[in-house]
Structure formats: C-alpha cells, structure tokens
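Chains, contacts and geometry: an overview
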Amino acid sequence: MTWRADVLTIFPSMFPGPLAESLAGKALEAGIWSLAATDIRAFGLGRHRAVDDAPFGGGAGMVMRPDVLDAAIGSVADADVADQRPLIALTPRGAPLTQARVQKLAVGPGVILLCGRFEGIDQRVIEARGAEEISIGDYVLSGGEIAAFVLLDAAIRLLPGVMGATESATEESFAENLLEYPHYTRPALWSDRAVPEALTTGNHAAIAAWRKSEAIQTTKTRRPELYARYIASAARAP
Ligand code: ADE
C-alpha cells in the first residue's frame, strides 16, 4: 500500500521540491509513497484570504488562525473516516524528532503535516485536532516546510523498496544510540594520509571491532547525552 503524505502549507509550490529527486523521487514515481500539498490560503478569510491575525496578549508577529487551519485540516483528514494517519504540526515547540519516531511513522499508513508560519499556530486547533507537535532541532526556521522535508525524507528512505540492498536500517546511526564510524575509500594513501590499518587487513571481526570502537569514542566526545543512552541500552541488551 502507498504511504500517503499530505502537507498543509501556505507555500504548496515548494512541494515535492527536493523530494522529487534521488531515492525519494524514484519512490514517488514508483508509487511507493504519494504526496499532496494543500494550500492553507484556499481556506483563508475575506478578499485577502487571511490565514493569520495578531496575538492575544500582544507581542511580535502574527498567529495562524484556528478556524482557517481547522478547515484546511478537515479537507484532508475528514474526507476518509478510516484515515489513521497522525496529524503532525512542525514547530520549534515540538518534541525533538528522533530516528525511533521516524521508524514508527515509516511502518504506518503515512502522515498529515501542518506547516506553521509566522509566530506560531493557535494552540486550540492543535489541541482540538490532537496534533502531535514535532521540532527538527533547537533552532528557528522561517516556517515548518523545510522541517516537513526533513521528516518526510527520513521516513521515505525507510519504506520497503526505497533503499534497495544497501545497509539495513538497524545497522545505521542512531538505531543503536551511536554515531556512525568514519568511512574511507580509495586511494589507500592520499595526500600523505593512510587509511586506518584495521580496515585494510581483510579481517572482518577486526574491522567490526575497530568500527564499533570508533563509533563509541566519537559518540562519547561529540554527543555525551547520546552516549549515556547507548550505555543504558547496551546494559539492558541480552
Ligand atoms: N518551524 C520553525 N522552526 C522549526 C523547527 N526547528 N522544527 C520544526 N518546525 C519548525
């Protein structure tokens, strides 16, 4: 069955954008996943199709109106009572996106993504629609669209038939709470720099041990909080 993505945005022409290329693009053409971008402004109010208004309580910027967003969400979510796809609002206030969440989304029927713009989204429509708020990191984008690309790209590459015979998803970075080991290819000696000797021996056990040790060391120095989770999960493993 096709993994279905609906994106609600005031910039529908941004889509599929980068997702029309490479692995995701081929999978889109093959019907492994589908994408529909809905223009929130089509549900805007008045002659100017307004989608936002000033914040109650004052402050900078504008807030996306709940009535307009609810109508836009309803146009995709209410069309099919059997639609089990989660509604996800992309916002810097959301829970951080993780590989674990991406893996769950990839085994489901798809997603409905709501892209915020301006200062934010009226909280009442998020509550009323039971939307899950997700952030792609602790920095502020000018809108949720690029975050939607990130989430979709991460999920689509995990769909059956997309990655082909490359590495299994379990061997990858983050599945084990570890960063990946460093990679090397030919030439074996480049610019006075040799490839680490362990990799040139042909001893598969030694190579695996070297890679694991590099992954652990790099995670420990670059991402102490991820390393702590690795230690905790390695302790729980059988
Ligand atoms: N919209 C603006 N910034 C964002 C972020 N960091 N993650 C998700 N959506 C966003």
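The rules behind the values
- Residues numbered from 1 in each chain as written.
- Predicted model: local features only at pLDDT ≥ 70, side-chain atom pairs only at ≥ 80, totals over all residues.
- Heavy atoms only, no water.
- 1 Å grid on protein atoms, 1.4 Å probe; cavity = no way out; pocket = protein on both sides within 12 Å on 5 of 7 lines; lining within 4 Å.
- Points joined across faces, edges and corners; volume = space filled by probe spheres on them.
- Helix = DSSP H or I, 4+ residues; strand = E, 2+ residues; numbered from the N terminus.
- Nonpolar A, V, L, I, M, F, W, Y, C, P; charged D, E, K, R; others polar.
- Domains from an automatic or database assignment.
- Buried < 20%, exposed > 50% of the residue type's maximum accessible area, 1.4 Å probe, protein only.
- Contact = heavy atoms within 4.5 Å.
- Pairing = 2+ DSSP bridges.
- Salt bridge = Lys/Arg side-chain N within 4 Å of Asp/Glu carboxyl O.
- Near = heavy atom within 4 Å.
- Polar contact = N/O pair within 3.5 Å; in protein donor to acceptor, adjacent residues only side chain to side chain.
- Areas by Shrake-Rupley, 256 points an atom, 1.4 Å probe, with all protein chains shown as cover.
- Axes fitted to C-alpha atoms, helices over the stretch in contact; angles between N-to-C directions.

**Re the layout of surface pockets**
Size it by volume and the largest pocket reaches roughly 530 Å³. What lines the largest pocket is a set of 18 residues, among which Leu-97, Thr-98, Gln-99, Ala-100 and Phe-174 lie closest to the centre. A per-element tally of the lining of the largest pocket places helix α3 (residues 99-107) first, with four residues. Partitioning the lining of the largest pocket into residue classes produces seven nonpolar, five polar and six charged. Both domains that meet at the lining of the largest pocket, namely domain 1 (3-156) and domain 2 (172-236), each give it at least three residues. Size it by volume and the second largest pocket reaches roughly 440 Å³.

**Some details on the environment of Asp-52**
Here Asp-52 is to be found in strand β3 (residues 52-53). Asp-52 gets classed as buried once you look at its relative accessible area, which sits at 19%. Considering only alpha carbons, one finds Asp-52 and Leu-69, 17 residues apart in sequence, at a separation of 9.6 Å. Residues contacting Asp-52, with those up to four places away along its chain left out, are Met-62, Val-63, Met-64, Arg-65 and Phe-118.

**Here's the deal with the sheet that holds strand β4 (residues 63-64)**
Across a sheet, paired strands are connected by hydrogen bonds in the backbone, their directions being either parallel or antiparallel. Overall, mixed pairing links the three strands, which are arranged β3-β4-β7 in an open sheet. Each edge of the open sheet is held by one strand with a lone partner, namely β3 and β7 (120-121). Two elements, β4 and β7, share two bridges in a ladder whose sense is parallel. When the sheet's bridge partners are listed, Met-64 is paired in β7 with Ile-121.

**Section: unusual backbone geometry**
That bond from Phe-15 to Pro-16 is cis: its omega, 0 degrees, falls within 30 degrees of zero. Tracing the chain through its elements places Pro-16 in the loop between β1 (3-9) and α1 (22-29). Of note, the bond from Arg-186 into Pro-187 is cis; its omega dihedral lies within 30 degrees of zero at 5 degrees. Following the sequence through the fold, Pro-187 ends up in the loop between α5 (145-156) and β9 (189-190). For Ser-191, which is not a glycine, the phi torsion comes out positive at approximately 55 degrees. Note on placement: Ser-191 falls in the loop between β9 and β10 (193-194).

**Some words on the pattern of salt bridges**
When their charged atoms lie close together, side chains carrying opposite charge are able to pair. Counted according to the given criterion, the structure contains twelve salt bridges. Salt-bridge contacts for Arg-65 lead to Asp-53; the nearest nitrogen and oxygen are separated by 3.6 Å. Placement of Arg-65 in the loop between β4 and α2 (66-77) and of Asp-53 in strand β3 is noted, with a sequence separation of twelve residues between them. On the basis of relative accessibility, which here comes to 24%, the residue Arg-65 falls in the partly exposed class. For Glu-176, the salt bridge identified is with Lys-212, shortest N-O distance 3.3 Å. Here the residue Glu-176 occupies a position in the loop between α5 and β9, and Lys-212 occupies one in helix α6 (residues 204-222), the gap between them amounting to 36 residues.

**Points about the site of the ligand**
As a matter of local geometry, the ligand sits amid 13 residues, with Thr-91, Ile-136, Gly-137, Tyr-139 and Leu-141 nearest to it. Residue Ile-136 places a main-chain N or O atom 3.0 Å away from a nitrogen atom belonging to the ligand. Here a nitrogen atom of the ligand sits 3.1 Å away from a polar atom, N or O, in the main chain of Gly-137. Protein chains bury 97% of the 260 Å² of accessible surface belonging to the ligand in isolation. Elements with a minimum of two residues in the shell around the ligand: β5 (87-96) and β8 (132-135). Here the shell around the ligand takes three residues from β5, the largest share from any one element.

**Focus on the sheet that holds β8**
Spatial strand order, β2-β1-β6-β5-β8: five strands in an open sheet with parallel pairing. Among the strands making up the open sheet, the edge pair consists of β2 (33-39) and β8. The average angle at which neighbouring strand axes cross in this sheet is 35 degrees, direction not considered. In this sheet, β8 lies alongside β5 in parallel orientation, the contact comprising five bridges. Considered in β8, the bridge of Pro-96 is made with Ser-135.

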